Amino acid sequence: MGGLKEELLKAIWHAFTALDLDRSGKVLSHNLCTVLNVPHDPVALEEHFRDDDEGPVSNQGYMPYLNKFILEKVQGNFDKVEFNRMCWTLCAKKNLSKSLLLISDEDAFKVWVIFNFLSEDKYPLIIVPEEIEYFLKKLTEAMGAGWQQEQFDHYKIALNTSREGLSAWELIDLIGSGQFSKGMDRQTVSMAINEVFNELILDVLKQGYMLKKGHKRKNWTERWFVLKPNIISYYVSEDLRDKKGDIMLDGNCCVEALPDKDGKKCLFLIKCLDKSFEISASDKKKKQEWIQAIQTTVNLLRAGNPPPHKEARQKRKELRQKLLAEQEELERQMKELQTANENKQKELETVRKQLEAAAARAAEEEKKRLQTQVELQDRFSLELEREKMVRQKMEEQVAQKSSELEQYLQRVRELEEMYKQLQEALEDEKQARQDEETVRKLQARLLEEESAKRAELEKWHLQQQQAIQMTEAEKQELENQRLIKERALQVAMQQLEQLELERKEALEQYEEVKKKLETAANNTKSWKDKVAHHEGLIRLIEPGSKNPHLITNWGPAAFTEAELEQRQKSWKGKKATSE
């Protein structure tokens, strides 16, 4: 049932693709139910083709309806030719070439049916070059012509370069063009197409005129016999219009030759369970062909095998599938080999690079070894020379050390002399610092006296201001006192000037002492440098830290707290004496 369904689907596919199902789907479904003898289901048909978005046309397509309501109900009791003709009628007008063909529409229909039988079981349908060759060989044999293999090979090469195979309409154009039937008239081509059609589509294994002996009147009558896989039908003539009977074949039937009798030659007998049939062929060759064909058919029925042409087609398909699988396996193996070869090439390239690198390293190592050897020789020579030079230098150094020892002793003596001079310089520095301290004390005393005088002058000035504000009576007295005080002020000013002169002299003395101190410090520093230069044999004696000093606002002179107290007492005594 699976093979029958596939054959039906191929014809329906042509009609399906040629129609607009939204408008003609009902017509196709109705016609299919009619020719396939399937009961009509108007409810399912209307439900499927409802004009809304929920119908199966838009959601599920036509195939679910076709499988469920038509193909699953097919029993096989239908006319295949009528079914194919209905599908042909729906698709031929749209697809059949308009160019002039050397075959009739009826022959084109038969070629179309043969295409569906020989095409591959995948869509869109095509017939591969191997099946085209099989079909053309059958036609050539039926026409009685010789097969032109070279011509087909050229056509096959041109075909393979552009596509995998031909469509039904391209096959009709090929047969109708007469490319492989040159020299044959249209009637011969038509008869050849009809013969191939009968064999491949109608399962006609053999047909022809023979004489049949009647069962009742025992007379011999010429009939047109048609042998199919399970039946022999006989007709009045080859137009098949007036059928006279059938001989049902099964595995229990047999066929055997009979001797000539009753003036009839080339006799053979077909034995069935209920009847036997005596047949007379036209000659011995025909007799033998019919006996062999019938016996082959019975043997196929016993074995349960399909007809030879269907079995041959299945074998060709299996062979193509096997070749395709082998080709795919070969391509896979080639890819694997190519991949392995590429990997090997990469490995070889890696090994080559490694060898080159190893050779380069070996050469480099050899070069380094030679270079190292030369370097070692050079180094050995240099070390010998260096050892000689070191020995010579050591001898020179011994002599030099002896000289340096003499110099060192001389330097020690010089350092002792320098030490003595440094002690003298330190004594000079110490004396200079004592002189500086004396001058600083004198300067501090002068500053204290100057400060006291200034305070006294300010006090007298305030008293004068107060006296101006007194009464006129006191003015005279104050004037006298003012005169006395002015004289005292002049005396104080003279004393202040004297103090200023003394202060300047003290500053000059301070500058001289400072210069002496700087000179002594420079001498000390020079001695320090000399001592440090002569490897630090003597450590200089430096003056200790000084007590804090008080600095006045009128100069850099400094004095201690005790000196300040002594000066304050002196100023107080002078103040009391002047009053």
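Residues numbered from 1 in each chain as written. Predicted model: local features only at pLDDT ≥ 70, side-chain atom pairs only at ≥ 80, totals over all residues. Heavy atoms only, no water.

As named in an unreviewed UniProt entry, the protein is Switch-associated protein 70, taken from Crypturellus soui. According to the UniProt record, the Subunit (unreviewed entry) comment for the protein is "The SWAP complex consists of NPM1, NCL, PARP1 and SWAP70." (UniProt positions renumbered as here; feature names shortened; annotations may be inferred.)

Asker: Can you walk me through helix α11 (residues 186-200) in this structure?
Answerer: Helical geometry note: an α-helix holds 3.6 residues per turn, so side chains three or four residues apart project in the same direction. Taking 1.5 Å per residue, 15 residues should reach 21 Å; α11 reaches 21 Å between its end C-alpha atoms and fits that length. Among the residues of α11, those classed as buried are V189, A192, I193, V196, F197, N198 and L200. (Helix = DSSP H or I, 4+ residues; strand = E, 2+ residues; numbered from the N terminus. Expected span 1.5 Å × (residues − 1). Buried < 20%, exposed > 50% of the residue type's maximum accessible area, 1.4 Å probe, protein only.)

Asker: What's the story with the nonpolar core in this structure? I'm lost.
Answerer: As a rule of thumb, nonpolar side chains are buried together in soluble globular proteins. In terms of nonpolar packing, the biggest core is built from 65 residues, with L32, F83, W112 and I172 touching the most fellow members. In terms of residues, this core owes the most to one element, helix α7 (residues 105-118), which gives 9 residues. Leave out the neighbours within four places in its chain, and I172 touches W88, L96, L101, I103, A108, V111 and W112. Counting 21 residues, the second-largest nonpolar core is a separate cluster that includes L227, I232, I270 and V298. (Core = buried A, V, L, I, M, F, W, Y, C linked by side-chain atoms within 4.5 Å. Contact = heavy atoms within 4.5 Å.)

Asker: In this structure, what is going on with a negative patch on the surface? I would like to understand it.
Answerer: Together, E417, E424, E427 and D428 make up a region of like negative charge exposed at the surface. Checked against the element boundaries, E427 lands in helix α13 (residues 308-468). (Patch = residues over 30% accessible without salt bridge, like charges linked within 9 Å, V, L, I, M, F, W, Y side chains within 5 Å. Areas by Shrake-Rupley, 256 points an atom, 1.4 Å probe, with all protein chains shown as cover. Salt bridge = Lys/Arg side-chain N within 4 Å of Asp/Glu carboxyl O. Lys, Arg positive; Asp, Glu negative; His and termini not counted. Charge placed at Lys NZ, Arg CZ, Asp CG, Glu CD.)

Asker: Explanation requested: empty space enclosed by the protein in the structure shown.
Answerer: Over the atoms a probe the size of a water molecule is rolled, and this reveals where empty space is left. In the structure shown here, the tally under the stated rule is 2 cavities of 30 Å³ or more. The wall of the largest cavity is formed by 16 residues, among which E7, K80, N84, V113 and I201 lie closest to the centre. Residue contributions to the lining of the largest cavity peak at 5 residues, all from helix α1 (residues 2-18). Across the lining of the largest cavity, the residue classes tally to 9 nonpolar, 2 polar and 5 charged. In this structure, the second largest cavity occupies an estimated 90 Å³ of space. Surrounding the second largest cavity, L136, L139, T140, M143, L174, I175, G178, Q179, F180, S181, V189 and A192 form its lining. Residue assignment for the lining of the second largest cavity shows that the elements contributing at least two residues are α8 (129-143), α10 (168-176) and α11. By residue number, the principal contributor to the lining of the second largest cavity is α8, which donates 4 residues. Classifying every residue of the lining of the second largest cavity by side-chain character gives 8 nonpolar, 4 polar and no charged. (1 Å grid on protein atoms, 1.4 Å probe; cavity = no way out; pocket = protein on both sides within 12 Å on 5 of 7 lines; lining within 4 Å. Points joined across faces, edges and corners; volume = space filled by probe spheres on them. Nonpolar A, V, L, I, M, F, W, Y, C, P; charged D, E, K, R; others polar.)

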